[in-house]
Amino acid sequence: MTVGFIMLCHTALDRAAQVARHWAERNCPVVIHVDRRVAARSFAKLQADLQDLDNIRFSGRHACEWGTWGIVSASQEAATLMLRDFPGVRHVYLASGSCLPLRPVQDMVAYLDERPKTDFIESVTTEDVGWTVGGLDFERFTLRFPFSWRKQRSLFDAYVWLQRKVGFRRQVPNGIAPHLGSQWWCLTRQTLSAILEHPERATIDRYFQKVWIPDESYFQTLVRQVSVSVESRSLTLSKFDFQGKPHIFYDDHLQLLRRSDCFVARKIWPQANKIYAAFMSDDRTRQASSEPNPGKIDRLFAKAVERRTKGRPGLYMQSRMPNENWENGRTAGPYSVFCGFADVFENFEIWLSKASGTRVHGHLFAPDRVHYAGGEHVYNGALSDSAALRDYSPKSFLSGLIWNTRGERQCFQFGPNDDQTLNWFISGDGNAQISVISGAWAVPLFHSNRNFSEIRREAARMQKVEQDYLNILRSTYVKARVRIWSLADFVENPMEPLQTIIDEIGPRQGRRLTEAPRMADLSGFGQFLQNLRNQGMQPILMGDFPVGDDPAPKTSRRGRPYLVK
Amino acid sequence: MGIWARYRLRLARKRWRFRAFRKRRELVSLANRTRAIRPESILVFSTLRNERIRLPFFLKYYRDLGVNHFLIVDNDSDDGSREYLSEQPDVSLWTSRHSYKRARFGADWLNWLQMRHGHDHWCLVVDPDEFFVYPFCDTRPIRALTDWLDASNIKSFPAMLLDMYPKGPLDAQPYREGQDPFEIAQYFDSGNYIFQRNARFGNLWVQGGPRARTFFAEAPEKAPALNKIPLVRWSRDYAYVSSTHMLLPRGLNQVFDEWGGEKASGILLHAKFLDTFAAKAEEEMRRGQHYAASAEYKAYKAGLEAQPDLWCKWSEKYINWRQLEILGLMSKGNWA
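> Can you help me understand the overall build of chain A in this one?
Broken down by element type, chain A carries 22 helices and 21 strands. Oriented by its inertia axes, the alpha-carbon framework of chain A measures out at about 110 × 60 × 45 Å. Burial status across chain A gives 41% buried among its 565 residues. In chain A, once contacts between residues fewer than 6 apart in sequence are set aside, the share between residues at least 24 apart is 77%.

Quick look at the structure:
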């Protein structure tokens, strides 16, 4: 017993001829259907190319527009011809002109001989398919589709809309339970003849002529009525992308195809000379005949679809520019923003970088230049430290920095003197961890050697800027991890907040902090705030600092403050 | 976008096309081999001036990718470029003594040639110092790409300009004829690009790279545009608006995905910064035939005198397209 191939061809007829010859010479009859829209000259050439083979037939030509009945009637006619002319055929395999056998024909014949009664056809009820593109699954069977989806798209959509609106439904003929599946099948003579000689075929055909994409449902539905044993999978390896169009195989897929152990693959790029040369030759090293295993290829194409639909989080580039909130992650990785810490602690950046093992920058958004870690002038990805370049597009700057340093957590200082453009962007970013000591900007003012009226003006301005920032951080749109302490609360007990933050950053999990950063001297700070009040300014963000009562943990200027006791 | 704005863009497109039609008189045909163009041919369009030393590698590079025919406008070269090109069997050559600037930096001439010869072909518009890199370009010819674009109903393909530069002063390693320029200019900036939308034409405006970093750090708005859409399934109704940065109708500029996904894109490796650059900059400043009164070249000259090395320790050394893909400069999209 042998297997017969039906080939539906419309382009690259020379490749189709090559494959047909391959099968026919190995004693597998082939029936070729050529789309009626193919030029007569090309068709004549194909016939001439194959005329030396007596087990090749050409069936009557139908116009096969995608999604229409033509493809089904072409398959029907070709199948009838196959069953009539080649009595030795037990399985009939429907393939396209751009299909390619990946394993020797003998393998396939042997495989089918072991399963003489099995029909290989993907056939799934409409409720269970997840892959229909365009949202029409059951409606394929209940609406009318007189317009071409490809050429008359607006009419197609409008007519579907109208039918839904009116509530029009076609009657599904009795006994038909719509199933869908890949159009590439392999059926036994018994099953196929039962479908073709179905007593109600005229009625059924008339019904399916108006169904949308009948080639994915006609055989798939009828096989359920007549077959004794349906194995619901296609023997043809065929992957579809997110638009429902088949992925194409090129020369660089050769090894993947070899290792897939599938019988037939589609669709092959016609000029993939290496692939055709490799699989059309006979001297192929025989591999162990195993079950088809397209796992690797599945992964490759699933990844491609994911890249096209979701993209890489945090990447902004020439072909990915997501609208707001469609970013799938505004930035590429987690990072931390520290407000006020560098004012409260001396050498905070050095300490943090030691304690957390991350990259700690200064004020990235400072007005004079970008303060990268280590005072660098150019940073990862050749980012410049020019403030003008950064402020030209702060979003590109920050997302670029985080993208360039993927795998290494970035921390930076922020404050009311910095460029505030990105406040909404950062607070709406789930990757950001924002820790604020509110009012800490007053500490450098307190230590500064400036005229008091000037200090007062500065304090008022910075308080306003920080108040606006805090309002953003307290809004309901925030996705970042936000923690806010007032300066007074923080200096009461600085280690616990620090421990929490470090734990969250945490590559060194489970370890207690052993060394605390040294706090700036705050003796007299309460009086300083009182002086501001006396001058008519109301410092509110620092919390409650009583006059004359200096904060509790008086850090001694000598010796290091250790936590381990 | 309202009907009025759309109508104005339509008028603008008609105007560019009419302008290209008028400018056809400035072109003198020197070698017309356009009869060799078959319906499926892939075409390269280019305009150049005094690029003789670059031409052998340029032609070889694109022939190897599978380009079938070159249509080139020579803007009054005097270094033998014209003679060399007119001898090539797959080159059709025109020459023009007219102003490059007044032909909108060559765009009018090429718009005309594309209108005349590019209709219904895949057309790649590149300068002689731009080298097109696309996903899988090491294993698949350019026809694999255009076939896939056809099958996916994609009409235009973006490729950002990526400035390549050597380590050390530009004139340290002289470029030999026929040499791969990226043996010298091996380095590029991997992640300092700025992306903004252009609402009117619907394209992305990309700036940055070594030129913004060194020459325009204090005036970033003047940094040259790097976004390009060089590969288009051309129709005689289309028109390039300014260089290959953007096209009309504006739908062709929608080469980026707005809903989080990545569309496929390529890169134009830009071999501008070789030892030939100083002489070129000198000449272009004298002629004043470049964009914004050659302000760009003035900035280069000043910049190069102060800081002759574009290289920095974060510069990335070029390996292949996969590296560019991983760095996020280009994307495979759903082509696999």
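> How should the confidence of the model for chain A be read in this particular structure?
Segments scoring low in pLDDT should not have their predicted coordinates read at a detailed level. Mean pLDDT over chain A stands at 87; residues scoring 70 or higher make up 92%. Note on residues 554–560 of chain A: pLDDT under 50 across the span, and four contacts to partners over four residues away in sequence or across chains.

> Hey, could you run me through the sheet that holds strand 5 (residues 122–125) of chain B in this one?
Paired through backbone hydrogen bonds, the strands of a sheet run either parallel or antiparallel to each other. All names here are of chain B. Spatial ordering of the open sheet is given by 1-4-3-2-5-12-7, a layout of seven strands whose pairing is mixed. The two strands at the open ends of the sheet, each matched to only one other strand, are strand 1 (28–31) and strand 7 (156–157). Relative to strand 4 (residues 91–95), strand 3 (residues 69–74) is paired through five bridges, and the arrangement is parallel. In the strand pairing of strand 4, leucine 71 is matched with serine 92.

> Explanation requested: the nonpolar core in the structure shown.
The biggest cluster of nonpolar side chains holds 232 residues, and the ones touching the most others in it are Ile6(A), Met7(A), Val264(A), Ala265(A), Leu247(B), Ile267(B) and Leu268(B). Discounting chain neighbours no more than four positions away, the residues touching Ala265(A) are Cys99(A), Leu100(A), Leu102(A), Leu237(A), Phe249(A) and Leu257(A).

> I would appreciate a short explanation of the interface of chain A and chain B in the present structure.
A common way to express how large an interface is: the accessible area buried when the components associate. Counting residues at the interface gives 49 residues for chain A and 51 residues for chain B. Where the side of chain A that touches chain B is concerned, the elements lending two or more residues are helix 12 (295–309), strand 16 (378–379), strand 17 (383–384), helix 15 (387–392) and helix 16 (394–404) of chain A. When grouped by side-chain class, the residues that make up the side of chain A that touches chain B number 22 nonpolar, 17 polar and 10 charged.

> Got a minute to help me understand the packing of helix 1 (residues 3–23) of chain B against helix 4 (residues 107–118) of chain B in this structure?
Helix-helix packing is described using two parameters, namely the angle between the two axes and the distance between the axes. Residue and element names in this part refer to chain B. Relative to each other, helix 1 and helix 4 sit at 90°, their axes nearing to 8 Å. As the angle between them shows, helix 1 and helix 4 are arranged roughly perpendicular. Between helix 1 and helix 4, the residues in contact are Trp16, Arg17, Arg19, Ala20, Phe21 and Lys23 and Asp108, Trp109, Asn111, Trp112 and Met115, respectively. A breakdown of the residues in the contact of helix 1 with helix 4 according to their chemical character gives six nonpolar, one polar and four charged.

> Help me understand the sheet that holds strand 12 (residues 264–265) of chain A, please; the structure alone is not making it clear to me.
All names here are of chain A. Taken in spatial order, the three strands line up as 5-12-11 in an open sheet, and their pairing is mixed. If you trace the sheet from one side to the other, it starts and ends with strand 5 (100–101) and strand 11 (236–237), each paired once. As paired strands, strand 5 and strand 12 are joined by two bridges and run antiparallel to one another. Each bridged residue has a counterpart across the sheet, and for proline 101 the counterpart in strand 12 is valine 264.

> Explain helix 7 (residues 189–196) of chain A here, please?
Structural remark: α-helix, 3.6 residues per turn; residues separated by three or four positions point the same way. Every buried residue belonging to helix 7 of chain A is among Arg189(A), Thr191(A), Leu192(A) and Ile195(A), and all of these are buried. When helix 7 of chain A is viewed along its axis, its buried side chains cluster within an angular range of 165° and face the same direction.

> Can you help me understand the environment of Arg104(B) in this one?
Residue and element names in this part refer to chain B. In this structure, arginine 104 sits in the loop between strand 4 and helix 4. A count of 21 C-beta atoms within 10 Å places arginine 104 in the buried class. Separated by 178 residues in sequence, arginine 104 and glutamate 282 place their C-alpha atoms 21 Å apart.

> Even after reading the chapter, I still don't get helix 19 (residues 452–473) of chain A, so can you show me in this structure?
All names here are of chain A. With 22 residues, helix 19 ought to run about 32 Å at 1.5 Å a step, and its terminal C-alpha atoms sit 31 Å apart, in line with that. Buried within helix 19 are the following residues: Ile455, Ala459, Gln463, Glu466 and Tyr469. Across the axial projection of helix 19, the buried residues extend over an arc of 130°, all falling on one side. Of the exposed residues in helix 19, the ones pointing more than 90 degrees away from its buried face are Ser453, Glu454, Arg461, Lys464 and Asn471. On its buried face, helix 19 is in contact with helix 17 (423–427), strand 19 (432–438), helix 18 (442–447) and helix 22 (525–534).

> How should the pairing of strand 1 (residues 2–9) of chain A be read in this particular structure?
The side chains of a regular strand alternate, residue by residue, between the two faces of the sheet. Residues and elements named next belong to chain A. The element strand 1 is largely enclosed, with a buried count of seven among its eight residues. Sheet analysis places strand 1 next to strand 2 (residues 30–34), joined by five bridges and oriented parallel. Across the sheet, methionine 7 pairs through a bridge with isoleucine 32, a residue of strand 2. Each parallel crossover has a hand, and for strand 1 linked through helix 1 (residues 13–25) to strand 2 it is right-handed.

> Explain the packing of helix 7 of chain A against helix 9 (residues 218–226) of chain A to me, please; I cannot follow it from the model alone.
All names here are of chain A. Relative to each other, helix 7 and helix 9 sit at 105°, their axes nearing to 9 Å. With respect to each other, helix 7 and helix 9 are oriented roughly perpendicular. Two secondary-structure elements touch here, helix 7 through Thr191, Ala194 and Ile195 and helix 9 through Phe219, Leu222, Val223 and Val226.

> Please explain the environment of Lys310(A) as it appears in this structure.
All names here are of chain A. Looking at the secondary structure, you find lysine 310 in the loop between helix 12 and strand 13 (335–339). Residue class for lysine 310 comes out partly exposed when judged on the 14 C-beta atoms lying within 10 Å of it. Sequence separation of lysine 310 and asparagine 273 is 37 residues, and the distance between their C-alpha atoms is 33 Å.

> Help me understand the environment of Gln413(A) in this model?
Residue and element names in this part refer to chain A. Among the secondary structure elements, glutamine 413 is positioned in strand 18 (residues 410–414). Sequence separation between glutamine 413 and arginine 456 is 43 residues; the distance between their C-alpha atoms is 23 Å. Apart from the residues lying within four places of it in its own chain, the contact partners of glutamine 413 are Phe338, Phe341, Ala342, Gly362 and His363.

Conventions and cut-offs
- Residues numbered from 1 in each chain as written.
- Chains lettered and ligands numbered in written order.
- Predicted model: local features only at pLDDT ≥ 70, side-chain atom pairs only at ≥ 80, totals over all residues.
- Helix = DSSP H or I, 4+ residues; strand = E, 2+ residues; numbered from the N terminus.
- Buried ≥ 20, exposed ≤ 12 C-beta atoms within 10 Å, placed from the backbone.
- Contact = placed C-beta atoms within 7 Å.
- pLDDT = per-residue confidence, 0-100.
- Pairing = 2+ DSSP bridges.
- Core = buried A, V, L, I, M, F, W, Y, C linked by C-beta atoms within 7 Å.
- Nonpolar A, V, L, I, M, F, W, Y, C, P; charged D, E, K, R; others polar.
- Axes fitted to C-alpha atoms, helices over the stretch in contact; angles between N-to-C directions.
- Parallel < 35°, antiparallel > 145°, perpendicular 65-115°, else oblique.
- Arc of directions from axis to C-beta.
- Expected span 1.5 Å × (residues − 1).
- Right-handed = clockwise from strand over helix to strand, strands pointing away.

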